[in-house]
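Residues per chain are reported as follows:
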Amino acid sequence: MAQPPIPFNHSAVVGAEYDYIREAMSSGQIAGDRTFSRKCQAMLEEVLGVRRTLVTTSCTHALEMAALLLDIQPGDEVIVPSFTFVSTANAFALRGARLVFGDVRADTLNLDESKLPALITPRTRAIVPVHYAGVGCEMDAISALAGRHSLAVVEDNAHGLFGKYRGRWLGTFGSFATQSFHETKNITCGEGGALLVNDPRYVERAEIIREKGTNRTRFFRGEVDKYSWVDLGSSYVMSDVLAAFLFGQLEKWREVQAKRRTLWDRYEAALAAWAAKLGARPPIVPAHCEQAYHMYYLLLPNLAMRTALIAHLKSRGVMAVFHYQPLHLSEFARRWGGRPGDCPVTESASDRLLRLPLFFSMTEDQQKHVIESVTTFRS
Ligand SMILES: *Cc1c(COP(=O)(O)O)cnc(C)c1O
């Protein structure tokens, strides 16, 4: 009998999520900044050593907070990779920024630091590196360049939680980093995120922006006797019901990481030789990067072969999916004058990349079926 389809992603209960949600519900306090939000934040601050962590409604919203914190104004320029999720750019476009799209490196598909100097103008305010697939960007070069030009660095670390670059946690390099706990990410609560604040000058204002522009966080700590409207802001606070789920996952981060590593390594061992024969290539992880095991992908030789492989896998009940379309060529970004050929590596990778199923509850049998399905593909 054919086995049931193997999804690309499936979120699983990995620890005490149900117990913690019940605990939050029965406490009668399920708005934000209650017990479980604080536990999540304290845990991330302790493990990563960041100055302040604020859990948010999403990574998109954490990026919007970063744009507000940097006072991005109409006409300011912000450099983002073209090969990323739309939120990386949209959060800054909302403040009126002009988005400048950088190409990515051919090996890691991370922002190509060697191409950044040519993109910097007197209006540039920030660089937003994305640690694609949980493999660190070249943060030494990016930080040095940003320092020379007085630019802020905001790490979009949606893929990279608990990954490292030269022994240092991803998310600890920029003034800010943003995390996603969306269903598709390593650690999840369905929809959610976090803003990591590394620069202490921004801590108080980050709390205010997240609380609708009020100093309610200080009021809760007993530092002021009433709270009022003091700045711009919005509603970026995560409900404690979701934080309860999230804490159940965060407590088990080592197990989650270890399981994903086992799956990733098994793909690598089984597919590297096959890929070489077909002219495809597996992910490249530089020796100085400890990856977060977010994704296993194959770069096929061309679009036709990727389309054929997707169809072949689908016929065998395996859901493999492509990834980002180049942002500089998107309908919305055309206003900034992007043209085909501006980001050749992005444009090529976007047509050729295929992501294989990889999720915590994936069984060895399921993975064997995926591997067998891939290796029986003949172009
Ligand atoms: C998932 C993702 C986001 C958005 O995360 P949400 O929590 O869904 O808002 C942003 N950037 C990258 C690189 C992502 O992968």
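Residues numbered from 1 in each chain as written. Predicted model: local features only at pLDDT ≥ 70, side-chain atom pairs only at ≥ 80, totals over all residues. Heavy atoms only, no water.

### Considerations on the layout of surface pockets
The rolling of a water-molecule-sized probe over the atoms marks out the regions of remaining empty space.
Moving on, step 1. Considering only enclosed or pocket space, the largest pocket measures out at about 510 Å³ in volume.
Moving on, step 2. If you go around the largest pocket, you meet 30 residues; those closest to its centre are H159, H182, T184, K185 and Y324.
Moving on, step 3. Counting only elements with at least two residues in the lining of the largest pocket, the list comes to α3 (59-69) and α4 (86-93).
Moving on, step 4. Of the residues assigned to the lining of the largest pocket, the class counts are twelve nonpolar, 13 polar and five charged. (1 Å grid on protein atoms, 1.4 Å probe; cavity = no way out; pocket = protein on both sides within 12 Å on 5 of 7 lines; lining within 4 Å. Points joined across faces, edges and corners; volume = space filled by probe spheres on them. Helix = DSSP H or I, 4+ residues; strand = E, 2+ residues; numbered from the N terminus. Nonpolar A, V, L, I, M, F, W, Y, C, P; charged D, E, K, R; others polar.)

### Thoughts on empty space enclosed by the protein
Moving on, step 1. Counted under the stated rule, the structure contains two cavities of 30 Å³ or more.
Moving on, step 2. As for the largest cavity, its lining consists of 14 residues, and the residues nearest its centre are H10, S11, K185, N186 and F360.
Moving on, step 3. A per-class count over the lining of the largest cavity returns five nonpolar, six polar and three charged.
Moving on, step 4. Looking at the lining of the largest cavity, you find at least three residues from each of domain 1 (17-250) and domain 2 (253-375).
Moving on, step 5. When its volume is computed, the second largest cavity comes out at roughly 50 Å³. (Domains from an automatic or database assignment.)

### Thoughts on the pattern of salt bridges
When the charged atoms of two side chains lie near each other, side chains of opposite charge can form a pair.
Moving on, step 1. For the structure shown, the criterion picks out 26 salt bridges.
Moving on, step 2. With its nearest N and O atoms 3.6 Å apart, the salt bridge here joins K115 to D103. Taken as a pair, K115 in the loop between β3 (98-102) and β4 (124-127) and D103 in the loop between β3 and β4 lie far apart in primary sequence, twelve residues in all.
Moving on, step 3. The exposure class of D103 is buried, given its relative accessible area of 5%.
Moving on, step 4. For R316, the salt bridge is made with E372, and the minimal N-O distance between the two is 2.8 Å. Taken as a pair, R316 in the loop between α10 (303-315) and α11 (344-352) and E372 in helix α12 (residues 364-375) lie far apart in primary sequence, 56 residues in all.
Moving on, step 5. Each of E45, R52, E204, E207, R218, R221 and E223 takes part in salt bridges that share partners, so that together they form one network. (Salt bridge = Lys/Arg side-chain N within 4 Å of Asp/Glu carboxyl O. Buried < 20%, exposed > 50% of the residue type's maximum accessible area, 1.4 Å probe, protein only.)

### A word on the pairing of strand β2 (residues 77-81)
Moving on, step 1. Taking burial as the measure, the five residues of β2 include five buried ones, the bulk of the element.
Moving on, step 2. Alternating residues of β2 divide into E77, I79 and P81 and V78 and V80, and every residue in both groups is buried.
Moving on, step 3. Across five bridges, the pairing between β2 and β3 is parallel. Residue pairing across strands places V80 opposite F101, the latter belonging to β3.
Moving on, step 4. The parallel pair β2 and β3, bridged by α4, forms a crossover whose chirality is right-handed.
Moving on, step 5. Where β2 meets β4, three bridges bridge the pair, whose relative direction is parallel. (Pairing = 2+ DSSP bridges. Right-handed = clockwise from strand over helix to strand, strands pointing away.)

### Remarks on the site of the ligand
Moving on, step 1. With respect to spatial proximity, 15 residues lie near the ligand, and among them T60, D156, H159, S180 and K185 are the closest.
Moving on, step 2. Residue C59 places a main-chain N or O atom 2.9 Å away from an oxygen atom belonging to the ligand.
Moving on, step 3. Side-chain polar atom of T60 to an oxygen atom of the ligand: 2.5 Å apart, as the coordinates give it.
Moving on, step 4. Its free accessible area being 390 Å², the ligand has 92% of it covered by the protein chains.
Moving on, step 5. A breakdown of the residues in the shell around the ligand according to their chemical character gives five nonpolar, eight polar and two charged. (Near = heavy atom within 4 Å. Polar contact = N/O pair within 3.5 Å; in protein donor to acceptor, adjacent residues only side chain to side chain. Areas by Shrake-Rupley, 256 points an atom, 1.4 Å probe, with all protein chains shown as cover.)

### Re the sheet that holds β2
Moving on, step 1. Overall, mixed pairing links the seven strands, which are arranged β1-β9-β8-β5-β4-β2-β3 in an open sheet. Two strands bound the open sheet, and with one partner strand each, they are β1 (52-56) and β3. Direction aside, the axes of adjacent strands within the sheet are offset by 25 degrees on average.
Moving on, step 2. Strand direction decides the pairing type here: β4 and strand β5 (residues 152-156), joined by two bridges, are parallel. Directly across from A126, in β5, lies its bridge partner A152.
Moving on, step 3. Helix α5 (residues 139-148) contacts β4 and β5 of the sheet and is inclined by roughly 150 degrees relative to β5. (Axes fitted to C-alpha atoms, helices over the stretch in contact; angles between N-to-C directions. Contact = heavy atoms within 4.5 Å.)

### Some thoughts on the sheet that holds strand β10 (residues 289-290)
Moving on, step 1. Across the sheet, three strands lie side by side as β7-β6-β10; this open sheet has antiparallel pairing. Sheet topology places β7 (168-169) and β10 at the edges, where each strand pairs with a single neighbour.
Moving on, step 2. Pairing analysis gives two bridges linking strand β6 (residues 164-165) to β7, with the strands arranged antiparallel. Looking at the pairing, Y165 lines up with R168 of β7.

### Remarks on the side chain of H328
Moving on, step 1. Positionally, H328 belongs in the loop between α10 and α11.
Moving on, step 2. The exposure class of H328 is buried, given its relative accessible area of 3%.

### Quick word on the domain arrangement of the protein chain
Moving on, step 1. The domain boundaries assigned to the protein chain delineate domain 1 (17-250) and domain 2 (253-375).
Moving on, step 2. Placing a centre on the C-alpha atoms of domain 1 and another on those of domain 2 gives a separation of 25 Å.
Moving on, step 3. At the interface, 44 residues of domain 1 touch 33 residues of domain 2.
Moving on, step 4. At the boundary of domain 1 with domain 2, total buried surface from both sides reaches about 3,200 Å², with 62% on carbon and sulfur atoms.
Moving on, step 5. Inspection of the region where domain 1 meets domain 2 yields zero salt bridges.
Moving on, step 6. Connecting domain 1 to domain 2 are 19 residue pairs in polar contact (both at pLDDT 80 or more).
Moving on, step 7. When contributions to the side of domain 1 that touches domain 2 are tallied by element, the ones reaching two or more residues are α2 (35-48), α4, β3, β6 and α8 (240-250).
Moving on, step 8. The dominant element in the side of domain 1 that touches domain 2, judged by the number of residues it contributes, is β3, at four residues.
Moving on, step 9. Residues that form the side of domain 1 that touches domain 2 fall into these classes: 23 nonpolar, twelve polar and nine charged. (Buried area = accessible area lost by both parts, 1.4 Å probe.)

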